[in-house]
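# Descriptive analysis of the structure
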Amino acid sequence: MSRIVRAAAIQISPVLGDDGLGTARKVCQAIREAAEKGVKLAVFPETFVPYYPYFSFIQPAFRFGGEHLALYERAVVIPGPVTDMVAEAARQTGMVVVLGVNERDFGTLYNTQIIFDATGEILLKRRKITPTYHERMVWGQGDGSGLKVVESAAGRIGALACWEHYNPLARYALMTQHEEIHCAQFPGSLVGQIFADQMEVTIRHHALESGCFVVNATGWLTEEQIKEIARDPALEGPLRGGCFTAIVSPEGKLLGTPLTEGEGMVIADLDFALITKRKRMMDSVGHYARPELLSLLQDRRPARTVHYVGEANPVPTSTDEAAS
């Protein structure tokens, strides 16, 4: 008998200017609303908590220092109040949640994806391996330790953020682990229609190549938020368009109508029988692969700035170690 999982790609606006918890509360409310519709997997946009750093796309670096510092103050420490709040919402609703956050680890911010299981347990915390263009002034680089597919109550889940989907080897690393559902996150409200068009091509191609479902979520800025972020009418244009919240089948078919503006959810039932149907024809990491000709080397070691020999680490090198 085939498994069917109801999934939701959630397009939503952040809460700007508060203590950083307002957006997290909005996430929890959306989780509860999705649960009422029978959803068992919910995907939220890239670095949605507390908000994507749109300022870095429209302002030169020497001008956005204050806004960068404000993002530090509102950023998410893992574990911490935000992850506790979302974990509890996941546990109460029995839902798997994929959330993008700005993670603060001592003096560095990271573009981080968190996968919460239906029990509230954090199954994966991964960092975007290479921030894109303007983002390099905001976030540090991740490492290969997060390129993992995890077993969840909704199935085998992998995740990448935004232009990581243009790194074929990063995608292949997840494909080799037989992901059943790929969770994609983009900022939305950025660059214009061309970004949405490129996004559609990207996620539909990955669904076909991987033979998995893709659940893609983009953020949304209201007109008031665009004006607040831009502060100059001439800078508002780049903060419109670029939304394509959608769910794709392993055959590359759009399940439901994509959401390109406003807040809302795209909900679809994922029939896992379609995975076998697709892979019977073309399994990129199985019968269609030629490993004696082409293979991937992945370094999963966490990046370390210091290696101690002959003694325990005298100081924590990350907030993960500090919390343990």
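Since the model is a prediction, treat every value here as computed from it, not as a measurement.

Take the pattern of salt bridges next. A full pass over the atoms with the stated rule returns 19 salt bridges. A salt bridge links Asp269 to Arg6, with the shortest nitrogen-to-oxygen separation between them at 2.7 Å. You can see Asp269 sitting in strand 11 (residues 264-271) and its partner Arg6 sitting in strand 1 (residues 4-11), a full 263 residues away along the chain. When its relative accessible area of 32% is taken as the criterion, Arg6 is described as partly exposed. Residues Arg290 and Glu292 are paired through a salt bridge, measuring 2.5 Å at the closest nitrogen-oxygen approach.

The terminal C-alpha atoms of helix 4 (residues 81-93), which comprises 13 residues, lie 19 Å apart, in line with the 18 Å expected from a rise of 1.5 Å per residue. Taken together, the buried positions of helix 4 are occupied by Val82, Thr83, Val86, Ala87, Ala89, Ala90 and Thr93. End-on view of helix 4: buried residues confined to an arc of 160 degrees, all on one side of the axis. Exposed and oriented more than 90 degrees from the buried face of helix 4 are Pro81, Asp84 and Gln92. Tucked into the core, helix 4 has its buried residues touching helix 1 (21-35), strand 3 (96-105), strand 4 (108-116) and strand 5 (122-127). Positive backbone phi, at 65 degrees, marks Gly94, one or two positions downstream of helix 4.

For the rest of this paragraph, the subject is the pairing of strand 4. In terms of burial, strand 4 is a largely internal element, eight of the nine residues being buried. Relative to strand 4, strand 3 runs antiparallel, the two being bridged by nine bridges. From the neighbouring strand, Val97 faces strand 4, where its bridge partner is Phe116. The loop that links strand 3 with its antiparallel partner strand 4 comprises two residues; one of these, Phe106, has a positive phi angle of about 55 degrees. Bridging between strand 4 and strand 5 involves five bridges; their strand directions are antiparallel. By the bridge assignment for strand 5, Phe116 is matched with Ile122. Hairpin connection of strand 4 to strand 5: five residues between the antiparallel strands, including Gly120 at a positive phi of 95 degrees.

Below, the discussion takes up empty space enclosed by the protein. The full count for this structure, using the stated rule, is one cavity of 30 Å³ or more. Empty space within the largest cavity amounts to approximately 40 Å³. As for the largest cavity, its lining consists of Pro14, Pro45, Glu46, Thr47, Phe48, Tyr51, Tyr52, Tyr54, Pro187, Gly219 and Trp220. When the residues that make up the lining of the largest cavity are grouped by side-chain class, the tally is eight nonpolar, two polar and one charged.

This part takes up the environment of Phe57. Mapped onto the elements of the fold, Phe57 is located in helix 2 (residues 55-58). According to the relative accessible area criterion, Phe57 is partly exposed, its value standing at 28%. If we skip the residues at most four places from it in the chain, Phe57 touches His134, Leu190, Val191 and Pro238.

Turning our attention to the packing of aromatic side chains. Under the definition given, this model contains six aromatic pairs. When the centroid spacing of 5.3 Å and the interplanar angle of 50 degrees are considered together, the rings of Trp163 and Tyr166 count as tilted. Taking relative accessible area as the criterion, Trp163 reaches 39% and is therefore assigned partly exposed. Since its relative accessible area comes to 38%, Tyr166 is described here as partly exposed. Pairing Phe213 with Phe272 gives two aromatic rings, centres 6.1 Å apart and planes at 35 degrees, and the pair type is tilted. Of this pair, Phe213 sits in strand 9 (residues 213-218) while Phe272 sits in the loop between strand 11 and helix 8 (273-281), and the two are 59 residues apart along the sequence. Put simply, the rings of Tyr52, Tyr54 and Trp139 pair up and form one aromatic cluster. Directly above the aromatic system of Phe272 lies the positively charged group of Arg3, at a separation of 4.7 Å from the ring centroid.

Glancing now at the layout of surface pockets. Its boundaries defined by the atoms lining it, the second largest pocket holds a volume of some 300 Å³. Lining the second largest pocket we find 15 residues, and of these Leu169, Tyr172, Met175, Ser284 and Leu294 sit closest to its centre. If one sorts the elements of the lining of the second largest pocket by residue count, helix 5 (residues 168-175) sits on top with five residues. Of the residues belonging to the lining of the second largest pocket, the class tally is ten nonpolar, two polar and three charged.

Quick notes on the rules
Residues numbered from 1 in each chain as written. Predicted model: local features only at pLDDT ≥ 70, side-chain atom pairs only at ≥ 80, totals over all residues. Heavy atoms only, no water. Salt bridge = Lys/Arg side-chain N within 4 Å of Asp/Glu carboxyl O. Helix = DSSP H or I, 4+ residues; strand = E, 2+ residues; numbered from the N terminus. Buried < 20%, exposed > 50% of the residue type's maximum accessible area, 1.4 Å probe, protein only. Expected span 1.5 Å × (residues − 1). Arc of directions from axis to C-beta. Contact = heavy atoms within 4.5 Å. Pairing = 2+ DSSP bridges. 1 Å grid on protein atoms, 1.4 Å probe; cavity = no way out; pocket = protein on both sides within 12 Å on 5 of 7 lines; lining within 4 Å. Points joined across faces, edges and corners; volume = space filled by probe spheres on them. Nonpolar A, V, L, I, M, F, W, Y, C, P; charged D, E, K, R; others polar. Phe/Tyr/Trp six-rings, centres within 6.5 Å; stacked < 30°, edge-to-face > 60°. Lys NZ or Arg CZ within 6 Å of the ring centre and 35° of its normal.

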